[in-house]
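As a plain string of letters, each chain reads:
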Amino acid sequence: MQRRLTDRVVVVSVLEPDAAVALATEGAAVVVVGTDAAATGALMRTLADAGHRALAFVGDASTDAAALAEMVAELFPDRPADAPEPA
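First, a word on scope: everything that follows refers to the structure included in this document. From a predicted model like this one, the values you see are computed outputs, not experimental measurements.

**Points about the pattern of salt bridges**
- Using the criterion set out here, one finds one salt bridge in the structure.
- The shortest N-O distance in the salt bridge between glutamate 26 and arginine 4 comes to 3.3 Å. Pair noted here: glutamate 26 is in the loop between helix 1 (17-25) and strand 2 (29-34) and arginine 4 is in the segment before strand 1 (9-13), with a separation of 22 residues, a long-range link.

Written as structure tokens, this is what we have:
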């Protein structure tokens, strides 16, 4: 099976666990974002325990976009150059 999102990093809300699993299954590294540390960490651990690349960002992506983008750039330095910049 060819994984269409290999070498991609996606940011997914903790409120969308099914999307996170589907994207990870397609090969993407998933950054789970949420303001509830326990829920965000739990989804990240679920993905990681299933063998997927995942990490958690606890915060509000709409107000912490620069910090989120910086974390992604540091942790995934080989992400594609066409990745969109935060709004």
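Moving on from the coordinates now.
**Re the sheet that holds strand 1**
- Strand order across the open sheet formed by three strands is 1-2-3, with parallel pairing between neighbours. Sheet topology places strand 1 and strand 3 (54-58) at the edges, where each strand pairs with a single neighbour. Strand-to-strand, the axes of this sheet are offset by a mean angle of 25°, without reference to chain direction.
- Taken together, the five bridges between strand 1 and strand 2 define a ladder with parallel strand orientation. Bridging from a neighbouring strand, valine 9 pairs with alanine 29 of strand 2.
- Of the strands in this sheet, strand 1 and strand 2 touch helix 1, which is tilted by about 165° from strand 1.

Criteria and cut-off values
- Residues numbered from 1 in each chain as written.
- Predicted model: local features only at pLDDT ≥ 70, side-chain atom pairs only at ≥ 80, totals over all residues.
- Heavy atoms only, no water.
- Salt bridge = Lys/Arg side-chain N within 4 Å of Asp/Glu carboxyl O.
- Helix = DSSP H or I, 4+ residues; strand = E, 2+ residues; numbered from the N terminus.
- Pairing = 2+ DSSP bridges.
- Axes fitted to C-alpha atoms, helices over the stretch in contact; angles between N-to-C directions.
- Contact = heavy atoms within 4.5 Å.

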